[in-house]
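Notes for the structure review
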Amino acid sequence: MSSKPFDWKATPGLSTLSWVVYLFLYAPLLVIIVYSFNAGRQATLWEGFSLDWYAKVFHNRDIGIALSNSLIVAVAAMILSTMLAVTAALGLRHARAGGGGQITLGLILMPLVVPEIVVAVATLVFFSGIGLKLGLGNLIIAHTVFCVPFAYLPIQARLTDMGSAVEDAARDLYSNEWQVFRRVTLPLLLPAILSGAMLAFASSLDDFLISMLLADAGQTTLPVYIYGMLRLGVSPEINAVSTLLLASSVVIVLVALRMQGMTKRKS
Amino acid sequence: MNARLTTILLRSPVLVTMVLFMLAPMVLAVVYSFMTNGAYGGVRMPFTALAYRQLLFQEDFDGNLVFSTGYLAILWRSVLLAALTVVASLAIGLPLAWYMACSPPAKRARLLLLITLPFWINTLIRTYCWVLILRDEGLLNSGLRRLGLVGGHFLYNDFAILLGMIYTYLPFMVLPIYAVLERVNGDVIEASHDLYADRLSTFRRIVWPLAMPGAIAGSLLVFAPALGSFLAPDLLGGGRRLMIGSLIQLQFTSSRNWPFGAALATVVSVAILAVLFVVVRKSFNKVPAR
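Predicted, not measured: the structure shown is a model, and the values here were computed from it.

**Structural notes on the overall build of chain B**
Looking only at helices and strands, chain B has twelve helices and four strands in total. Based on the C-alpha atoms only, the size of chain B along its principal axes is roughly 75 × 75 × 35 Å. Expressed as a percentage of the 290 residues in chain B, the buried residues total 47%. Across chain B, contacts joining residues at least 24 apart in sequence account for 62% of those joining residues at least 6 apart. Roughly 14500 Å² of accessible area belongs to chain B as shown, and the carbon and sulfur atoms make up 68% of that amount. Once the 23 positive and 12 negative side-chain charges of chain B are each reduced to a mean point, those two points are 7 Å apart.

Shown next as structure tokens:
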């Protein structure tokens with residue numbers, strides 16, 4: 001053993017341990033997916049393959065309404081939070097540490113540190129205090145706020161990565177600030193913006209607590225609806241609708257990360 | 001347009017939004033926590049500290065105040081479970097992050113993706129998975145029975161809650177630690193080996209100090225949501241083993257005691273701010289200036 005050159009990259013047992021952790025992360029998700037194809041009525045007793053529960057989900061009108069509410073809120077929150085994130089990232093681009101920019105940055109990142117339940121009840125108190133009743137609009141505002149950091153972080157990272165050499169070159173070639181932004185900054189930033197937008201979309205779809213406390217009757221989002229189904233007991237229908245939501249989040253995030261990867265390869 | 005004005009104009013939309021819809025609601029919640037609850041929910045004047053008193057004292061039938069530990073016990077359990085979640089995810093996350101950082105770049109990207117993906121999957125669904133596994137007719141029990149072993153009750157206890165929280169928040173720990181370890185220069189580790197340090201002391205004296213900023217960030221990112229966690233205690237604890245998150249939610253729904261709920265939310269926020277403040281100050285003193 002001692003004749004072998006020292007390889008610090010290979011700690012004994014570490015690889016096994018890591019794969020056990022990955023198994024821990026993915027095996028439970030697999031359980032839901034497998035059981036969603038179960039023919040039996042029991043949620044966890046295997047009785048053969050079937051797509052019946054998916055058919056049931058597609059014919060459930062309430063699920064359809066909850067899904068469309070979720071999508072309306074997620075799309076609106078995605079657009080608003082991404083617009084806020086882009087302007088913020090550009091505005092904070094040259095912020096110095098300890099300056100006023102730091103406060104803005106702290107506010108942007110606040111939803112990451114304050115527990116969701118606190119954000120949820122504070123928003124509930126606030127909306128009822130000022131008498132704001134916009135239907136789904138209330139949910140859209142609340143979702144926009146906690147989506148901002150997720151949209152902001154990839155855009156900010158990209159701005160830091162790309163530096164300002166290309167933009168300075170454009171300025172040297174007599175572009176005005178608007179032209180620099182439109183023809184240089186924006187195209188370079190676009191993959192990061194799309195990536196941030198999708199991550200914002202995914203976090204809005206993920207939200208449960210804020211929607212549960214803020215949504216009025218008829219404005220239920222999909223996770224809140226699934227939670228309501230769970231109150232009535234475990235069923236294969238829940239497994240099916242959960243699998244669909246799970247699959248869509250995975251697709252959205254894979255596309256978002258792909259975009260981020262593109263920005264990295266280009267630079 | 002001058003550059004300073006542009007900067008201010010660009011910053012203002014997000015600043016206004018966050019102040020109006022994030023900061024103002026939290027300030028209002030603090031104000032509400034000092035009011036009295038109305039007959040049908042909502043709040044009434046005058047300003048009192050009744051809601052905070054309710055945390056420690058309860059009125060008995062004669063109207064006397066009796067010290068009561070009920071709510072304190074829930075607070076304590078919440079802090080304890082959140083702290084245990086941090087410790088457990090650090091114990092799992094640190095070796096995993098090190099393994100990722102030591103892998104060749106192409107594999108690294110794949111491993112990173114595998115950690116990031118669950119983070120974006122709906123928390124409700126990820127918690128519900130464990131209901132399917134742990135419940136009495138669940139996968140674990142039927143598996144144990146098939147092996148000829150006796151099953152047991154795995155759901156609706158503190159361990160199930162803890163498991164659910166570790167499962168939910170583990171990526172928050174792995175990602176920041178990985179981010180710092182990835183940038184570690186291999187030469188320092190080889191140098192330590194050349195100076196006859198074994199793996200353990202290399203870890204203790206080189207890797208751990210370098211991983212520290214990531215571990216601190218990760219601990220905060222796990223602790224904060226774990227403390228206010230709602231889904232794990234609700235679904236895996238059966239709503240009987242209350243944590244502060246469920247307690248807050250109850251005050252705003254079935255109990256309709258908004259001031260008390262707001263007071264609880266204020267206590268949680270202050271606790272997290274305090275931890276944040278202490279940790280950030282301490283870590284700034286520890287990290288050597290570069």
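**A short note on the pattern of salt bridges**
If you walk through the whole model with that rule in mind, you get six salt bridges over all chains. One salt bridge in this structure joins A:R93 and A:E167, with 2.6 Å as the shortest N-O distance. Placement of the pair is A:R93 in the loop between α3 (61–91) and α4 (100–113) and A:E167 in helix α7 (residues 165–172), with a sequence separation of 74 residues. In this structure A:R93 comes out as partly exposed when scored by relative accessible area, which is 23%. Residues B:D158 and B:R77 are paired through a salt bridge, measuring 2.6 Å at the closest nitrogen-oxygen approach. With B:D158 in helix α7 (residues 158–181) and B:R77 in helix α3 (residues 70–102), the pair connects residues that are 81 residues apart, well separated along the chain. Note on B:D158: relative accessible area 25%, which makes it partly exposed. The exposure class of B:R77 is buried, given its relative accessible area of 16%. Here the salt bridges share partners, and the residues they tie into one network are A:D168, A:R171 and A:E177.

**A word on the interface of chain A and chain B**
Each side of the interface is counted separately: chain A has 85 residues, and chain B has 78 residues. Taken together, both faces of the contact between chain A and chain B bury some 7500 Å²; the carbon and sulfur share is 79%. Between the two partners, chain A and chain B, sit one salt bridge. In this structure, the salt-bridge partner of B:D234 is A:R231, at a minimum N-O distance of 3.2 Å. The interface formed by chain A and chain B includes eleven residue pairs in polar contact (both at pLDDT 80 or more). Broken down by element, the residue count for the side of chain A that touches chain B peaks at 15 residues, all from helix α1 (residues 14–36) of chain A. Of the residues assigned to the side of chain A that touches chain B, the class counts are 63 nonpolar, 18 polar and four charged.

**Quick look at the packing of α4(A) against helix α1 (residues 3–32) of chain B**
Where α4(A) contacts α1(B), the axes come no closer than 9 Å and their chain directions differ by 55°. Looking at the two axes, α4(A) sits oblique to α1(B). You can see that α4(A) and α1(B) cross each other, and the crossing is left-handed. Across the interface between the two elements, A:G100, A:G101, A:T104, A:L107, A:I108, A:M110 and A:P111 from α4(A) touch B:R11, B:V14, B:L15, B:M18, B:V19, B:M22, B:L23 and B:M26 from α1(B). For the contact of α4(A) with α1(B), the residue count by class is eleven nonpolar, three polar and one charged.

**Re the confidence of the model for chain B**
Within chain B, residue pLDDT values average 85, and 92% of them lie at 70 or more. Interface scoring of the predicted complex returns ipTM 0.86; its pTM is 0.87.

**Comments concerning a nonpolar patch on the surface**
On the surface, a cluster of nonpolar side chains totalling about 540 Å² of accessible area is made up of A:L30, A:V34, A:W46, A:F49 and A:L51. The class for A:W46 is partly exposed, based on a relative accessible area of 43%.

**Let's talk about the packing of aromatic side chains**
This structure, assessed with the given rule, holds 21 aromatic pairs over all chains. Considering the side-chain rings of A:F37 and A:F49, the 5.4 Å spacing of their centres and the 15° angle between planes classify their relative orientation as stacked. Placement of the pair is A:F37 in the loop between α1 and α2 (52–59) and A:F49 in the loop between α1 and α2, with a sequence separation of twelve residues. A:F37 sits in the partly exposed class, given a relative accessible area of 23%. In this structure A:F49 comes out as exposed when scored by relative accessible area, which is 59%. Pairing A:F126 with A:F127 gives two aromatic rings, centres 6.2 Å apart and planes at 45°, and the pair type is tilted. Of the two residues examined, A:F126 and A:F127, each falls in the buried class. Between B:R126 and the ring centre of B:Y167, over which it is positioned, the NZ or CZ distance is 5.4 Å.

**Re the nonpolar core**
Residues B:W130, B:L181 and B:I248 are the most contacted members of the largest nonpolar core, which totals 165 residues. Those residues in contact with B:L181 that lie beyond four places of it in its chain are B:A97, B:W98, B:A101, B:V207 and B:A211.

**Digging into helix α5 (residues 116–130) of chain A**
Residue and element names in this part refer to chain A. The terminal C-alpha atoms of α5, which comprises 15 residues, lie 21 Å apart, in line with the 21 Å expected from a rise of 1.5 Å per residue. Buried residues dominate α5, accounting for eleven of its 15 residues. Looking only at α5, the buried set comprises I117, V118, V119, A120, V121, A122, T123, L124, V125, F126 and F127. Phi turns positive, to about 65°, at G131, one or two residues after α5.

About the cut-offs
- Residues numbered from 1 in each chain as written.
- Chains lettered and ligands numbered in written order.
- Predicted model: local features only at pLDDT ≥ 70, side-chain atom pairs only at ≥ 80, totals over all residues.
- Heavy atoms only, no water.
- Helix = DSSP H or I, 4+ residues; strand = E, 2+ residues; numbered from the N terminus.
- Buried < 20%, exposed > 50% of the residue type's maximum accessible area, 1.4 Å probe, protein only.
- Contact = heavy atoms within 4.5 Å.
- Areas by Shrake-Rupley, 256 points an atom, 1.4 Å probe, with all protein chains shown as cover.
- Lys, Arg positive; Asp, Glu negative; His and termini not counted.
- Charge placed at Lys NZ, Arg CZ, Asp CG, Glu CD.
- Salt bridge = Lys/Arg side-chain N within 4 Å of Asp/Glu carboxyl O.
- Buried area = accessible area lost by both parts, 1.4 Å probe.
- Polar contact = N/O pair within 3.5 Å; in protein donor to acceptor, adjacent residues only side chain to side chain.
- Nonpolar A, V, L, I, M, F, W, Y, C, P; charged D, E, K, R; others polar.
- Axes fitted to C-alpha atoms, helices over the stretch in contact; angles between N-to-C directions.
- Parallel < 35°, antiparallel > 145°, perpendicular 65-115°, else oblique.
- Left-handed = near helix turned anticlockwise from the far one by under 90°.
- pLDDT = per-residue confidence, 0-100.
- Patch = residues over 30% accessible without salt bridge, like charges linked within 9 Å, V, L, I, M, F, W, Y side chains within 5 Å.
- Phe/Tyr/Trp six-rings, centres within 6.5 Å; stacked < 30°, edge-to-face > 60°.
- Lys NZ or Arg CZ within 6 Å of the ring centre and 35° of its normal.
- Core = buried A, V, L, I, M, F, W, Y, C linked by side-chain atoms within 4.5 Å.
- Expected span 1.5 Å × (residues − 1).

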